[in-house]
Amino acid sequence: MWILVVVIVIVVLLLLFLWGSYNGLVNARNQVKNAWAQIDVQLKRRYDLIPNLVETVKGYKNFERDTLEAVTKARTAAQTASTSGDVGARSAAEGELSGALSRLMVVVEKYPDLKANQNFLALQEELTSTENKISFSRQAYNDEVLQYNNKVQQFPATIVAGMFNFKKEQEFLQATTADVERQAPKVSF
Amino acid sequence: MGALLVFIGWFIGLVFAANGIAGLVIALIIWGIMTLVAYFQGDNILLSVAGAKKISPSDHQQLYDVVEEMKIASGLEKMPDIYIIDDPSLNAFATGRDPNHAAVSITSGLLQKLNRDELQGVIGHEISHIKHRDVLLMSMCSVLLGTIVILSFYASRMMMFGAIFGGGGGGGRRGSSKNSGGGGGAAIIILVLAILLMILAPLFAQLIYFAISRKREYLADASSALYTRYPAGLASALEKLEQSTTPVKNATQATAPMYIVNPFRNKLNVNNLTSTHPPLEERIRILRSMAGGAAYANYDQAYRQVKNTNSGIISPQSAAAAGTVGLRAAVAGGPVEPPVDDKVSRTRDVNDMMYRMNDYKTIECECGAKLKVPPSMQGSMIKCPRCGRAHQA
Amino acid sequence: MICPVCNKDMFVIEYKRVELDYCHICKGAWFDAGEMELLLETAGLKDGTQAVHDVLKLPEAHTAEKKRRCPICGKNMKKVIIGGEKGVMIDACFQHHGLWFDGGEVADLMKIVSEQAGCKKETESEIMCFLKDVFQG
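Model, not experiment: these values are computed from the prediction.

With respect to the packing of aromatic side chains
- One pass over the structure, following the stated rule, counts 9 aromatic pairs over all chains.
- Centre to centre, the rings of Y22(A) and F164(A) are 4.8 Å apart; their planes meet at 65°, and the pair counts as edge-to-face. With Y22(A) in helix α1 (residues 2–58) and F164(A) in the loop between α6 (157–163) and α7 (177–182), this residue pair connects regions lying 142 residues apart in the sequence.
- Plain terms: the ring middles of F31(C) and F130(C) are 5.7 Å apart, the flat faces sit at 40° to each other, and that makes the pair tilted. Note that F31(C) is positioned in strand β3 (residues 29–32) and F130(C) in helix α4 (residues 123–134), a separation of 99 residues in sequence. In this structure, F31(C) and F130(C) share a single accessibility class: buried.
- Through a chain of ring-to-ring contacts, three or more aromatic side chains come together here, namely Y22(A), F164(A) and F166(A).

Structure, rendered in structure tokens:
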């Protein structure tokens, strides 16, 4: 009789543990998805901004063609990568695009007329803000991924993760070129 | 501070009603009412007292963008409302009882003066007040402080009256219970103690209040550095604020901790204990000496270095939770002071926005002058003071 | 902004990207501290923030003229004479909010500037020259 009770208690405890870890994992994975959606919104916004920007800049005579073409090409590549669903490929392509854009912004400094154009200034503000939002939401996404991956890998939740096929998520690792350039010199103590 | 309030109530009760509990109940009721008002209406009262106006993204795109960036960086769920205060002084503050009912406000003067990086630093500071619910904490503290001050003020007045008219035996009903010598002696001791407390309580309450406020300011600075990853932005904004001496028009002692810098700017009052904000110069130095990263740990280290102390300002747990965060460099045109042209454009943009919001009409005169006419004058003929041409406003 | 003399709404005149508040009744003008800063810095003068401060350093003028109140903070302003010996008396806000020029003062000021040869690169001269520029017609 008491063996039956012990077995029931053990089974109930096991179920409770399963239930708890499963929900915890689902929760963490949803957080990752949410954070990803945030980045996605900003990346899409950037795709939309670029044609306008190129159109505005193109009107200025002698504007460096190569820089503009690099931006357009990088945008197309990034958009193609966005349909693949592979975070790694995507973050690389987006990194390229950020690099091309920041080079464009450096070139723009040489055209004072452009900097006086209201339309361009509005676009530039929007682009700066979108870049910032991308980098801030990337930070949030990576934090969520780190927490989720820790959950997936740590015992005992890792058993549950294996049973229900929770896979590790990839970080949006590729720091944009702009970030690399902006990185402060490392100070060693 | 809560303990102080309870204490004061009890003493008032003891002196006036020979019953500590009655006074305590009165104190708690007053505090309760004030707390409820502050909780539900505090932000509305503060915003309307300050004369703040709500703006939409189209009014000032950059300000809206920067707030949204900081919302993302801090992980707030809801976008706070944005208000502008038509005031040439330089300041900003946060309001709202919780992160879902929050707003940031900035004076038009400050908006004119700051470049993008500096604005981001200031907004990051305010968003931190929202994120960490400092607004609620500080308004509850200030209500508590207010109650203590009011109670002690009136109680001490009444006791004086009692002392004068009751022949020195004590106020109110206390006089009627003078039937034994021992009782009278105890009454005098209680009275003296009560008067002492009435004088000291508001002072103590203020000191505690100021200490809490200063600590939250350091935390908000650290968070701003963390969110923006660019402490130099806030540092440079604070330097601009330091140069300005214009006091904020509608600030009161109770609303002071909400502002990014002390709105009173009394240069003579450098006493550290009696200020809601740490000295600006020190805040700037800490931000400027953050090296190697923008995380809480980096701020904490800079704080210890500048203050020359071993006790940090940020708890080790939150420092560890925030991890390591790299610094970034300024956006284009950031660290070097932008040409005067930028400054002029920024001022014109902000002023024109204020005119639009106040329904001004702009007339461009052929002589090159622009006339901006308030609604009260629209419909009449306006003569351009420069060339004398008449315009139909 | 409300005219400190007439208590009526003033309108704004923007010239060369600098603004003045102007009262069409008494013809007085309010020169805001922030706008003065823009003017002086555009002219290449360093530290435009000190403009009102510099004017406030001048001695209080002895006069029977009524005290004016600053249209921003509502506090009494200081009467000072700018433009040298035969200068004009203007009102400066103690809180550094700006300067007020009465209607007649602007006219006097323009006379003084015309007598001087050109504008010097210094605070007072710049301010007076700008006012002349705006109200020359």
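Some points on the nonpolar core
- By size, the foremost hydrophobic cluster in this structure holds 53 residues, and its most contacted members are L63(B) and Y299(B).
- Here the element with the most residues in this core is helix α7 (residues 181–228) of chain B; it accounts for 6 residues.
- Core analysis: the second largest hydrophobic core is formed by 46 residues, C384(B), Y22(C), A29(C) and F101(C) among them.

Describing the pairing of strand β2 (residues 81–85) of chain B
Residues and elements named next belong to chain B.
- Among the 5 residues in β2, 4 count as buried, and that is most of the element.
- Here strand β1 (residues 52–54) runs beside β2; their pairing, made up of 3 bridges, is antiparallel. By the bridge assignment for β2, A52 is matched with I85.

Let's talk about the pairing of strand β4 (residues 77–82) of chain C
Residues and elements named next belong to chain C.
- Where burial is concerned, most of β4 is hidden: 5 out of the 6 residues are buried.
- With 6 bridges joining them, β4 and strand β5 (residues 88–93) adopt antiparallel strand pairing. Directly across from M77, in β5, lies its bridge partner C93.

Section: the sheet that holds β2(B)
Residue and element names in this part refer to chain B.
- In space, the 4 strands of this open sheet follow the order β1-β2-β4-β3, with mixed pairing throughout. Edge positions in the open sheet fall to β1 and β3 (92–95), since each of these has one partner strand only. Strand-to-strand, the axes of this sheet are offset by a mean angle of 30°, without reference to chain direction.
- Of the strands in this sheet, β2 and β4 (103–107) are in contact with helix α3 (residues 61–74), which crosses β2 at around 135°.

Some thoughts on the interface of chain B and chain C
- Counting residues at the interface gives 32 residues for chain B and 27 residues for chain C.
- Contact between chain B and chain C buries roughly 2500 Å² in total, counting both sides, with carbon and sulfur atoms accounting for 54%.
- The three residues of chain B that bury the most area against chain C are R348(B), P385(B) and R386(B), which together make up 27% of that side's buried surface.
- At the boundary of chain B and chain C, one finds 8 salt bridges.

What about helix α5 (residues 118–153) of chain A?
- Between its first and last C-alpha atoms α5(A) spans 52 Å; for 36 residues at 1.5 Å apiece the expected length is 52 Å, and the two agree.
- Taking the backbone nitrogen of N119(A) as reference, a side-chain oxygen 2.8 Å away marks N117(A) as the first, capping residue of α5(A).

Some points on the pattern of salt bridges
- Summed over all chains, the structure comprises 35 salt bridges over all chains.
- A salt bridge links R45(A) to E126(A), with the nearest nitrogen and oxygen atoms 2.3 Å apart. One end of the pair, R45(A), is in helix α1; the other, E126(A), is in helix α5, and 81 residues separate them in sequence.
- Here R285(B) and E281(B) are joined by a salt bridge, their closest N and O atoms 3.9 Å apart. Of this pair, R285(B) and E281(B) both sit in helix α9 (residues 280–288), 4 residues apart, which is roughly one turn of that helix.
- Under the relative-accessibility criterion, R285(B) is labelled partly exposed at 44%.

What to know about the environment of A157(A)
Residues and elements named next belong to chain A.
- With respect to the helices, strands and loops of the structure, A157 is situated in helix α6.
- A relative accessible area of 17% means that A157 is categorised as buried.
- For the pair formed by A157 and L18, sequence separation is 139 residues and the distance between their alpha carbons is 8.5 Å.
- Not counting residues within four places of it along the chain, the set of residues in contact with A157 comprises S21, L25 and K151.

Re the packing of helix α3 (residues 87–108) of chain A against α5(A)
Residues and elements named next belong to chain A.
- The geometry of α3 relative to α5 is characterised by a closest axis approach of 12 Å and an angle of 145° between their N-to-C directions. Taken as a pair, α3 and α5 cross one another with a handedness that is left-handed. Between α3 and α5, the contacting residues are V87, S98, L101, M105 and V108 on the first element and F120, Q124, L127, E131 and Y141 on the second.
- Its residues placed into classes, the contact of α3 with α5 shows 7 nonpolar, 2 polar and 1 charged.

Quick look at the confidence of the model for chain B
Residues and elements named next belong to chain B.
- With 78% of its residues at a pLDDT of at least 70, chain B reaches an overall mean of 77.
- Note on residues 265–271: pLDDT is under 50 here. Beyond four places in sequence and across chains, it has 9 contacts.
- Note that pLDDT drops below 50 for residues 332–337; the model gives that stretch 6 contacts with residues more than four away or on any other chain.

Cut-off values and rules
- All residue numbers refer to positions counted from 1 along the written sequence of the respective chain.
- Working convention: letters from A go to chains and numbers from 1 go to ligands, in the order in which they are written.
- In keeping with the model being predicted, local features are shown solely for residues with a pLDDT of at least 70 and side-chain atom pairs are shown and tallied solely at 80 or more, while totals for entire chains, interfaces and linings include all residues.
- Hydrogens and water molecules were not included; the side-chain quantities draw on all heavy atoms of the structure.
- Aromatic pairs are defined between Phe, Tyr and Trp rings, using the six-membered ring for Trp, whenever the two ring centres lie within 6.5 Å; interplanar angles under 30 degrees are classed as stacked, those over 60 as edge-to-face, and all others as tilted.
- A run of H or I in DSSP counts as a helix once it spans at least four residues, and a run of E counts as a strand once it spans at least two, with each numbered from the N terminus.
- To sort residues, take the accessible area from a 1.4 Å probe on protein chains only and compare it with the maximum for the residue type: under 20% means buried, over 50% means exposed, and anything in between is partly exposed.
- As used in this record, nonpolar core signifies buried Ala, Val, Leu, Ile, Met, Phe, Trp, Tyr and Cys residues forming a set joined through side-chain atoms within 4.5 Å.
- Only when DSSP finds a minimum of two bridges between them are two strands counted as paired.
- In this analysis, axes come from line fits to C-alpha atoms, helices being fitted only over the stretch in contact, and the angle between any two N-to-C directions falls in the range 0 to 180 degrees.
- The contact definition used throughout considers only heavy atoms, calling two residues in contact when any of these lie within 4.5 Å.
- Two parts placed together each lose some accessible area under a 1.4 Å probe, and the buried area is that loss summed for both.
- Here, a salt bridge means any Lys or Arg side-chain nitrogen found within 4 Å of an Asp or Glu carboxyl oxygen.
- What a helix should span is 1.5 Å times the count of its residues minus one.
- In protein, a polar contact requires one atom able to donate a hydrogen and another able to accept it; more generally it is a pair of N or O atoms within 3.5 Å, and residues adjacent in sequence count only if both atoms are side-chain atoms.
- By definition, turning the near helix anticlockwise from the far helix through less than a right angle yields a left-handed crossing, and turning it clockwise yields a right-handed one.
- Classification convention: Asp, Glu, Lys, Arg as charged; Ala, Val, Leu, Ile, Met, Phe, Trp, Tyr, Cys, Pro as nonpolar; all other residues, Gly among them, as polar.
- The pLDDT value tells you how sure the predictor is about a given residue, anywhere from 0 up to 100.

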